[in-house]
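# Analysis of the macromolecular model
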Amino acid sequence: MDFSVEYLQLDQLRALQSERLIRLVRYLGDKSEFYAGKMMESGISPEDIRSIDDIAKLPITYKQDLRDNYPFGLCTVPKNELQRIHCSSGTTGKPTVVGYTKEDVDLFSEVVARSLNAAGARPGMQLHNAYGYGIFTGGLGLHYGAEKLGMSVLPISGGMTSRQVDLIMDFKPEVLCCSPSYALTIADELMKRGVAPEEVSLKYAVLGSEPWTEIIRHHIEERLGVHAVNIYGLSEIIGPGVSVEDFEEKGGSYIWEDHFYPEILDPITKQPVPFGEEGVLVITTLTKKAMPLLRYWTNDITSLYYDEKGKRTMVKMKPILGRADDMLIVRGVNVYPSQIEEAFSHVPGVVPNYYLTPVEKEQMCIALDIDVEIDAGIIKSSHLQQGTDEYLTFVGNFGKKIENEIKKRVGITTAVKIHVQDSLPKCEGGKINRILKR
Ligand code: DLL
């Protein structure tokens, strides 16, 4: 594969993006009733777009637009030209549907192959692909990308953890793909079997589809003996492979901006924020054919930056703080689960398997109840019997430490209940929901 586009000089990249945006807007003006109408409403015509710098003149597209045009209203090709159909994983209402032509499937494979390569995977390696296969884009997306890169793929999908671990031990794959919470479940199962990290063949874990922070990375890297790398994407744009971390850089993800042009908008005013500030990630698909989207409002909160020390020229995004929908307002303070997770990392001994339950009074969230696990080794080395007064004082103090850390870092009051490692429900494959309802 040729990866040279990842290293384009910025002026060449802007020229490529401009050329592609101009072509896209003309194509949509021609082929999309929806966008032709939207552009007219906003008083612009395709000829007004002369470079990538004109992008903010274009209308924003929301998930509701996809719902209103369910199932194929936003497709710009006849249905018989589609090669694949996926849906977003939303749990409420009708799913949002995404059609792909053959060229789109090729593009999808290309950006996933690039992502796997940046994550450390190489031709000839074996991928244990535990992302769900089906209408979710994770399984097939990683599968086709890995094949394009020249890897072999075990399409195991999610679930049945014991069998997953048998096959990891027998087949000795170098690369694991799944959600970060499921990687923790796999790591737990290996630990239960007494398998040391050096005995695990895995070298790279390419993890995404949900927010995760450094404490989870640390646990996965330590227990599986891998580089754990973040991969981001969403069905509406393509699936996984919109951005990825480089395994030797980490901390932020390169956006493949020759295909997916990113902007960060203010969640309220919907205007671009100054470069580097946090807001909602909005993406334009510069090269898709069956269902291109202009300025799609992902609802994911992040910020952009250039990494002077990075290998590639393309822009990077910080890890997603959360979906705007997952934001809790606790006594007026805005909180994302990832901020609580980050606070855990300052208390040694916390195992990042946790659930948050908002406590409500008169329909307002006044506090958070948190259930979280403590490392079994700490309990063991304390020589305390579970259920004794001494034990209860010990875990009570541990919980207080976490509460204080969260108060200091996030500014909210929480009631933390400690559970021994392995006692809270685990991710059984797929995305985990950390917020529970009473
Ligand atoms: O989750 C695509 C995917 C599959 C990405 C496998 C990475 C790996 P959807 O089901 O449409 O697609 O969900 C997209 O998931 O808008 C984010 O809110 C969240 N998300 C995806 N990747 C990450 C990540 C897939 N690395 C929605 N970090 C997105 C944080 C993520 N959130």
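What counts, and at which threshold
- All residue numbers here refer to positions counted from 1 along the written sequence of the relevant chain.
- Totals for whole chains, interfaces and linings use every residue, but because this is a predicted model, local features are given only for residues with pLDDT of at least 70 and side-chain atom pairs only at 80 or more, for both listing and counting.
- Where side-chain values are given, they derive from all heavy atoms of the structure, hydrogens and water being excluded.
- Each helix is a run of H or I in the DSSP string that is no shorter than four residues. Each strand is a run of E no shorter than two, and both are numbered from the N terminus.
- As a reference, a globule follows 2.2 Å times the number of residues to the power 0.38, and the radius of gyration itself is taken over C-alpha atoms.
- Each residue is assigned to one of three classes by its accessible area relative to the maximum for its type, calculated with a 1.4 Å probe on protein chains only: buried under 20%, partly exposed between the two thresholds, exposed over 50%.
- By the convention used here, residues are in contact when the closest approach between their heavy atoms is within 4.5 Å.
- Every accessible area reported is derived by Shrake-Rupley at a probe size of 1.4 Å, with residue values counting cover from the shown protein chains alone.
- His residues and chain termini do not enter the charge count, which takes Lys and Arg as positive and Asp and Glu as negative.
- Just so you know, the charge point we use is NZ for Lys, CZ for Arg, CG for Asp and CD for Glu.
- UniProt positions are given in the numbering used here, feature names are shortened, and annotations may be inferred rather than shown by experiment.
- Joining through side-chain atoms within 4.5 Å is the link that ties buried Ala, Val, Leu, Ile, Met, Phe, Trp, Tyr and Cys residues into a set, and such a set is a nonpolar core.
- Whenever a nitrogen or oxygen atom comes within 3.5 Å of another N or O atom, the pair is scored as a polar contact, on the condition that within protein one atom can donate a hydrogen and the other can accept it, and that pairs from neighbouring residues in sequence are kept only if both atoms are in side chains.
- A cavity, in this analysis, means grid points on a 1 Å lattice covering only the protein atoms where a 1.4 Å probe fits yet has no way out; a pocket is instead an open set bounded by protein on both sides within 12 Å along at least five of seven lines, and a residue lines either one if it has an atom within 4 Å of a point.
- Grid points are joined across faces, edges and corners, and a volume is the space filled by probe spheres set on the points.
- Residue type decides the class: Asp, Glu, Lys and Arg count as charged, Ala, Val, Leu, Ile, Met, Phe, Trp, Tyr, Cys and Pro as nonpolar, and the leftover types, Gly among them, as polar.
- In the sections that follow, a salt bridge refers to a side-chain nitrogen of Lys or Arg positioned within 4 Å of a carboxyl oxygen of Asp or Glu.
- Should DSSP find at least two bridges between two strands, the strands are regarded as paired.
- Note on geometry: axes are lines fitted to C-alpha atoms, helical ones only across the stretch in contact, with angles between N-to-C directions running from 0 to 180 degrees.

Scanning the chain from N- to C-terminus turns up 11 helices and 20 strands. Over its C-alpha atoms the chain spans a radius of gyration of 23 Å, differing by no more than 12% from the 22 Å that the globule rule assigns to 438 residues. Each of the 438 residues in the chain was classed as buried or not, and the buried ones make up 56%. Taking the intrachain contacts of the chain between residues at least 6 apart in sequence as the baseline, contacts between residues at least 24 apart amount to 66%. With an accessible surface of roughly 19,100 Å², the chain has 51% of that area assigned to carbon and sulfur atoms. Side-chain charges of the chain comprise 49 positive and 60 negative groups, with the mean position of each set lying 2 Å from the other.

Moving on: the UniProt feature "domain: AMP-dependent ligase C-terminal" (unreviewed entry) in the chain. Sequence positions flagged by UniProt for "domain: AMP-dependent ligase C-terminal" (unreviewed entry) are, in local numbering, residues 332–436. Helix and strand shares over residues 332–436 are 34% and 31% respectively, and the end C-alpha atoms of the span are 20 Å apart.

So, on to the nonpolar core. Counting residues in each nonpolar core, the largest one holds 73 residues, and the members touching the most others are Leu21, Leu58, Leu116 and Met151. For this core, the leading source of residues is helix α4 (residues 102–118), giving eight residues. Excluding its chain neighbours within four sequence positions, the residues that come into contact with Leu21 are Ile49, Ser51, Ile52, Ile55, Leu58, Thr284 and Leu286.

Here the focus is the side chain of His143. In this fold, His143 is placed in helix α5 (residues 137–149). Judged by its relative accessible area of 12%, His143 falls in the buried class. Among the polar contacts made by the side chain of His143, one reaches the side chain of Tyr133 at a distance of 2.7 Å. Those residues in contact with His143, other than ones at most four positions away along the chain, are Asn129, Tyr133, Val153 and Pro155.

We now examine empty space enclosed by the protein. For the structure shown, the criterion picks out three cavities of 30 Å³ or more. Estimated volume of the largest cavity: approximately 90 Å³. Surrounding the largest cavity, Ser181, Leu184, Thr185, Asp188, Arg223, Val351, Asn353, Glu373, Lys426, Cys427, Ile432 and Arg434 form its lining. Contributing elements (two or more residues each) for the lining of the largest cavity: α7 (180–192) and β18 (350–361). When residues in the lining of the largest cavity are grouped by element, the largest group, four residues, is from α7. Within the lining of the largest cavity, the residues separate by chemical class into four nonpolar, three polar and five charged.

Turning our eyes to something else, we now look at the pattern of salt bridges. For the structure shown, the criterion picks out 30 salt bridges. The shortest N-O distance in the salt bridge between Arg193 and Glu189 comes to 3.1 Å. The class of Glu189 is buried, set by a relative accessible area of 16%. As a salt-bridge pair, Arg312 and Asp246 come within 2.8 Å of each other at their nearest N and O atoms. One end of the pair, Arg312, is in the loop between β13 (304–305) and β14 (316–317); the other, Asp246, is in the loop between β8 (239–244) and β9 (253–255), and 66 residues separate them in sequence. On the basis of relative accessibility, which here comes to 1%, the residue Asp246 falls in the buried class. Bridged by salt links that share partners, the residues Glu6, Asp246, Glu248, Lys311 and Arg312 form one connected network.

This part takes up the pairing of strand β11 (residues 279–285). In terms of burial, β11 is a largely internal element, seven of the seven residues being buried. Pairing between β11 and strand β12 (residues 296–302): four bridges, direction antiparallel. By the bridge assignment, Val282 is partnered in β12 with Trp297.

Turning our eyes to something else, we now look at the sheet that holds strand β19 (residues 364–374). What links the strands of a sheet is backbone hydrogen bonding, and the strands pair in either a parallel or an antiparallel sense. Across the sheet, three strands lie side by side as β18-β19-β20; this open sheet has mixed pairing. What marks the edges here is a single partner per strand, and that holds for β18 and β20 (414–420). Looking at each pair of strands side by side, their axes are set apart by 20° on average, direction ignored.

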